[in-house]
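What follows is the residue order along each chain.
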Amino acid sequence: IFFFGIAIGQNLSSFIKKILVGATELSQGNFSSRVYIETKDEFSDLAKIFNKIAEELEVSRENEANMERALGVKVKAKTQELEEIIGALEQKVKNRTVELERLLSETNKLQTEIGIKEQEIVQLKKELDEINQKSAKGNILKQKKDIENL
């Protein structure tokens, strides 16, 4: 009976060790870890339940990895799309800047021309005033001569 008890104890211990080793591997990320116990008792049932949990975890991790990859592809595509939009906007800004610089240059030229024309107008007014003054003096002198001739 003693040896029978030891044999059963070692057998039970062996089953528990197998499940414990499988659980340790599973907890360390080895989701393909499985425990195989071919008995017709609770240990076999426990091993089957453990294997089912391990399989579900493995499938869940695979699904998560697939979702991460799909998300990575979507993020990369969206990033590329945004980079293209940014590039197009930057080009529009460059084009608009060139156009605004051209308009600013034209405006500066026109302001310079306006300044020159204003100076010409001032000069022409002075000349006109001088002509009017000379003409007025000439008329006065003519009138004096006309009066003296009378």
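Residues numbered from 1 in each chain as written. Predicted model: local features only at pLDDT ≥ 70, side-chain atom pairs only at ≥ 80, totals over all residues. Heavy atoms only, no water.

*Asks:* Which parts of the structure should I look at to understand the overall build of the chain?
*Replies:* Counting its regular elements, the chain contains two helices and zero strands. For the chain, the C-alpha radius of gyration of 52 Å lies well beyond 15 Å, the compact-globule estimate for 150 residues. Counting only C-alpha atoms and orienting by the principal axes, one finds that the chain spans roughly 175 × 25 × 15 Å. Across the 150 residues in the chain, those meeting the buried criterion constitute 9%. (Helix = DSSP H or I, 4+ residues; strand = E, 2+ residues; numbered from the N terminus. Rg over C-alpha atoms; globule rule 2.2 N^0.38 Å. Buried < 20%, exposed > 50% of the residue type's maximum accessible area, 1.4 Å probe, protein only.)

*Asks:* What should I look at first to understand the pattern of salt bridges in this one?
*Replies:* Opposite charge on two side chains permits them to pair, given that their charged atoms come into close proximity. Counted under the stated rule, the structure contains seven salt bridges. Put simply, E56 and K52 hold a salt bridge, and the shortest N to O gap is 3.9 Å. Taken together, the residues span about one helical turn, with E56 and K52 both in helix 2 (residues 42-148) at a distance of four residues. According to the relative accessible area criterion, E56 is partly exposed, its value standing at 47%. (Salt bridge = Lys/Arg side-chain N within 4 Å of Asp/Glu carboxyl O.)

*Asks:* I would appreciate a short explanation of the nonpolar core in the present structure.
*Replies:* A general feature of soluble globular proteins is that nonpolar side chains tend to end up buried together. Counting residues in hydrophobic clusters, the biggest one holds ten residues: F15, I19, L26, F31, V35, I37, F43, A47, F50 and A54. Listing elements by their share of this core, those giving two or more residues are helix 1 (2-27) and helix 2. With four residues, the single largest contributor to this core is helix 2. Beyond its immediate sequence surroundings of up to four residues, F31 is in contact with L26, A54, L57, E58 and R61. (Core = buried A, V, L, I, M, F, W, Y, C linked by side-chain atoms within 4.5 Å. Contact = heavy atoms within 4.5 Å.)

*Asks:* What am I meant to see in the side chain of S33 here?
*Replies:* Secondary-structure assignment places S33 in the loop between helix 1 and helix 2. There is a polar contact of 3.3 Å between the side chain of S33 and the backbone oxygen of G22. Ignoring sequence-local partners within four residues, the contact set of S33 consists of G22, E25, L26, F50 and A54. (Polar contact = N/O pair within 3.5 Å; in protein donor to acceptor, adjacent residues only side chain to side chain.)

*Asks:* It is not clear to me how the side chain of N51 should be interpreted in this structure. Could you clarify?
*Replies:* Tracing the backbone shows N51 in helix 2. Setting aside residues up to four positions removed in sequence, N51 forms contacts with R34, V35 and Y36.

*Asks:* How should the environment of V35 be read in this particular structure?
*Replies:* Within the fold, V35 resides in the loop between helix 1 and helix 2. Between the alpha carbons of V35 and F50 there is a distance of 7.2 Å; along the sequence they are 15 residues apart. In this structure V35 touches K18, I19, G22, A47, F50 and N51, once residues within four positions along its chain are discounted.

*Asks:* Would you mind showing me how to read a nonpolar patch on the surface here?
*Replies:* Residues L82, I85, I86 and L89 make up a contiguous nonpolar surface patch of roughly 350 Å² in combined accessible area. Relative to the helices and strands, I85 resides in helix 2. Residue I85 is classed as partly exposed on the basis of its relative accessible area of 40%. (Patch = residues over 30% accessible without salt bridge, like charges linked within 9 Å, V, L, I, M, F, W, Y side chains within 5 Å. Areas by Shrake-Rupley, 256 points an atom, 1.4 Å probe, with all protein chains shown as cover.)

*Asks:* How do you make sense of helix 2 when you look at a structure like this?
*Replies:* For an α-helix, the turn length of 3.6 residues means that residues three or four places apart are oriented alike. The end-to-end C-alpha distance of helix 2 is 153 Å, a good match for the 159 Å that 107 residues give at a rise of 1.5 Å each. For helix 2, every residue scored as buried is listed here: F43, S44, A47, F50, N51 and A54. (Expected span 1.5 Å × (residues − 1).)

*Asks:* What's the story with the environment of E58 in this structure? I'm lost.
*Replies:* Here E58 is to be found in helix 2. Taking the C-alpha atoms as reference points, E58 and L26, 32 residues apart in sequence, are found 9.5 Å from one another. Beyond its immediate sequence surroundings of up to four residues, E58 is in contact with F31, S32 and R34.

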